[in-house]
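If you want the building blocks of each chain, they are given just below.
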Amino acid sequence: MLDRANNHCKVTLDIYLTKLHNNKTNNRNLCILLKIITGHNNLNSHLHRLNMALDPLCDYCDLQNCGIDPVFCPDETAMHILEEIPAFSLQRIYHFQDHNIKL
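Note that residues are indexed from 1 along each chain, following the sequence as it is written. Predicted model: local features are reported for residues with pLDDT of at least 70 only, side-chain atom pairs are reported and counted for 80 or more only, and whole-chain, interface and lining totals are derived from all residues. The basis for every side-chain value is the complete set of non-hydrogen atoms in the structure, without hydrogens or water.

Chemist: Which parts of the structure should I look at to understand the packing of aromatic side chains?
Modeler: What describes a pair of aromatic rings is the distance from one ring centre to the other and the angle between the planes of the rings. Pairs were defined over the aromatic rings of Phe, Tyr and Trp, the Trp ring being its six-membered one, requiring ring centres within 6.5 Å. Orientation was assigned from the angle between planes: stacked under 30 degrees, edge-to-face over 60, tilted for the rest. Counting across every chain of the model gives one aromatic pair. A ring pair is formed by Tyr60 and Phe88, whose centres lie 5.0 Å apart and whose planes are at 70 degrees; its orientation type is edge-to-face. A residue pair is termed long-range when its members are at least 10 positions apart, and Tyr60 in helix α4 (residues 59-64) and Phe88 in the loop between α5 (78-83) and α6 (89-96) qualify at 28 residues. A relative accessible area of 38% means that Tyr60 is categorised as partly exposed. Here a strand is any run of E in DSSP of at least two residues, a helix any run of H or I of at least four, and the numbering for each starts at the N terminus. Burial classification: accessible surface area is computed with a 1.4 Å probe over protein chains only, and a residue below 20% of its type maximum counts as buried, one above 50% as exposed, and the rest as partly exposed.

Chemist: Honestly, the nonpolar core in this entry has me stumped. Any pointers?
Modeler: The criterion is simple. A nonpolar core is a set of buried Ala, Val, Leu, Ile, Met, Phe, Trp, Tyr and Cys residues joined through side-chain atoms within 4.5 Å. In terms of nonpolar packing, the biggest core is built from eight residues, these being Leu43, Leu57, Cys58, Cys61, Cys73, Ala78, Ile81 and Ile85. It only takes one pair of heavy atoms within 4.5 Å for two residues to be counted as in contact. The residues contacting Leu43, other than those within four sequence positions of it, are Glu76, Thr77, Ala78 and Ile81.

Here is the structure:
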């Protein structure tokens, strides 16, 4: 099952890279996209795995929900930031023409 999931990720990544290369996307944007896709970025979820953050929880949700039990605070991942944080709904509308997106 894991091999199948990894294979899907590799195929998806190959498709994205091919499209980006064909669209002459600059290296900075390509680097940002790769960090989002792979999860190797400066967000708490990844930093916690490297022992560089105290916990993997989302700082944005923690600030909005001060005093709420951390069990209800999701991990800070790229997908969480792009899809779920209410504070970023205006940015989602601006960039994706919708405040609810699923990538």
